[in-house]
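Here's the letter readout for the chains.
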Amino acid sequence: MAATHSPKPHLRRNSEGRKFPRAKGKPKLAIKRQEGKPPLTPKERSSPNLEEDTNPDLIYGLHPVLAVLKGERHINRVWVTSKIRYDSRFHQLLAQAKTKGTAIDEVEYRRLDYMTGRGNHQGIVIQVAPYEYVEFSDLIERAKAATDSPVLVIADGITDPHNLGAMIRTAEAVGAQGLAIPQRRAVGITSTVVKVAAGSLESFPVSRVVNLGRALEELKAAGFWIYGTVAESGEPIHTVSFTGAIALVIGSEGHGLNLLTQRHCDVLISIPLQGKTPSLNASVATGMSLYEIYRQRAIAPLDLSASSVAPARLPK
């Protein structure tokens, strides 16, 4: 008779090449860790300020934090590594913030990793007081006092904080006097908006209005011309003469300018597109429209000819 042999267990090799039997049951899942990011210690995870540390509305990163420190907003608390705290760019500003009652906590780098969900904090995180919106009437008065031909941007239902932050950054960069957003069905000034705006909000006023249509009528009464951007059916933007006080209305990402808002506009404008893409991102449309407005003014800042005068507003 042929000898019978008991079946050998299934073998696998370890990292050194040695064979050993596979463990019975379900295999354990390997826990992936980011390279260079050591896990938090139990002491750090049991921080007494855990609820505050994991606050999703924090501002972090060298440039956004530096802009806030140089501005006038009240800062509740700062978490910073020793390297950044004594950096020449931050040392004096942090000392000034401390004299105003700001709590300064010197922490380990990985503590900030935990607070920001491994975000790109670069060694410093701050918690600021809620953003203080400007009254809409004050926004209008500030704009008219700043220049004879002010430009205000009106964001109609923007829900993406990255879009709103980019719009604010662009508007401030080209020289607009402010921006207004509706109170409902639109994003407000969050930490993401502040970060994307990259410091622009420290010198750029934003107002929040309850009724957008009423706000546009208030602008008309103050002498502003209302230009609404639409994907199609508007006048090509390069054929429109932008003169005097201007309010540029930008529609939401998904639906554009709603019909009620369109009725409050004096002129509807469109950016001609040649490709197959049907529309532009809201922040891109804002940048292109503002550039055209300021391009015209740079070419002919003192042009008072009849062709440069805005058309008479027709009764509706």
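Structure report, in brief.

Conventions we followed
- Counting restarts for each chain: residues are numbered from 1 in the order of the written sequence.
- Note on the predicted model: pLDDT of at least 70 is required for a residue's local features to be given, and 80 or more for side-chain atom pairs to be given and counted; whole-chain, interface and lining totals, by contrast, use all residues.
- By convention in this description, side-chain values take in all heavy atoms of the structure and omit both hydrogens and water.
- Under the scheme used here, helices are H or I runs from DSSP no shorter than 4 residues and strands are E runs no shorter than 2 residues, and both carry numbers assigned from the N terminus.
- For the exposure calls, accessible area comes from a 1.4 Å probe over protein chains only, and a residue counts as buried if that area is under 20% of its type's maximum, exposed if over 50%, partly exposed in between.
- Joining through side-chain atoms within 4.5 Å is the link that ties buried Ala, Val, Leu, Ile, Met, Phe, Trp, Tyr and Cys residues into a set, and such a set is a nonpolar core.
- Contacts are residue-level and defined by heavy atoms, with any inter-residue pair within 4.5 Å sufficient.
- Between any two strands, pairing holds if DSSP finds at least two bridges.
- Salt bridge, as used here: a side-chain nitrogen of Lys or Arg that lies within 4 Å of a carboxyl oxygen of Asp or Glu.
- Interaxial angle, 0 to 180 degrees, is taken between N-to-C directions of lines fitted to C-alpha atoms, where a helix line uses only the stretch in contact.
- If an angle is under 35 degrees, it is roughly parallel; if it is over 145, roughly antiparallel; if it lies from 65 to 115, roughly perpendicular; otherwise it is oblique.
- The sense of a crossing depends on the near helix, which, turned anticlockwise from the far helix by less than a right angle, makes the crossing left-handed and, turned clockwise, makes it right-handed.
- For this classification, Asp, Glu, Lys and Arg are treated as charged, while Ala, Val, Leu, Ile, Met, Phe, Trp, Tyr, Cys and Pro are nonpolar and the rest, including Gly, are polar.

With respect to the element layout, C265 can be found in the loop between α11 (259-263) and β13 (267-270). A relative accessible area of 5% means that C265 is categorised as buried. Between the C-alpha atoms of C265 and L248, which are 17 residues apart in sequence, the distance is 9.3 Å.

Let's shift gears to the nonpolar core. One finds F90, L164, I168, I189, L201, V206 and Y227 to be the most contacted residues of the largest nonpolar core, which totals 52 residues. The element contributing the most residues to this core is helix α3 (residues 62-70), with 5 residues. If we skip the residues at most four places from it in the chain, L164 touches A155, I158, L179, I181, V187, G188, I189 and V193. F136, L212, A215 and A247 belong to the second-largest nonpolar core, a separate cluster that totals 21 residues.

It is worth spelling out the sheet that holds strand β9 (residues 206-209) at this point. Sheet strands pair via backbone hydrogen bonds, and the direction of the pair is either parallel or antiparallel. Pairing in this open sheet of 7 strands is parallel, and the strands run β9-β8-β7-β12-β10-β13-β11 from one edge to the other. Strands with a single pairing partner mark the edges of an open sheet, and in this sheet they are β9 and β11 (235-236). Bridge count for strand β10 (residues 225-229) against β13 is 3 bridges, and the pairing is parallel. Bridging across to β13, T229 finds its partner in I269.

Summed over the entire model, instances satisfying the criterion amount to 7 salt bridges. As a salt-bridge pair, K220 and E217 come within 3.5 Å of each other at their nearest N and O atoms. Residue K220 and its partner E217 are both found in helix α10 (residues 212-221); the two are separated by 3 residues, about one turn of the helix. A salt bridge links K220 to D266, with the shortest nitrogen-to-oxygen separation between them at 3.9 Å. Separated by 46 residues along the polypeptide, K220 in helix α10 and D266 in the loop between α11 and β13 bring together distant segments of the chain. Overall, K220 belongs to the buried group, its relative accessible area being 13%. Salt bridges sharing common partners tie together E217, K220 and D266.

The next thing to look at is the packing of helix α7 (residues 136-146) against α10. Between α7 and α10, whose axes approach to 11 Å, the crossing angle comes to 30°. Taken together, the axes of α7 and α10 are roughly parallel relative to one another. You can see that α7 and α10 cross each other, and the crossing is right-handed. Residues F136, S137 and I140 of α7 form the contact with α10, whose participating residues are A215, E218 and L219. Looking at the contact of α7 with α10 residue by residue, the classes come out as 4 nonpolar, 1 polar and 1 charged.

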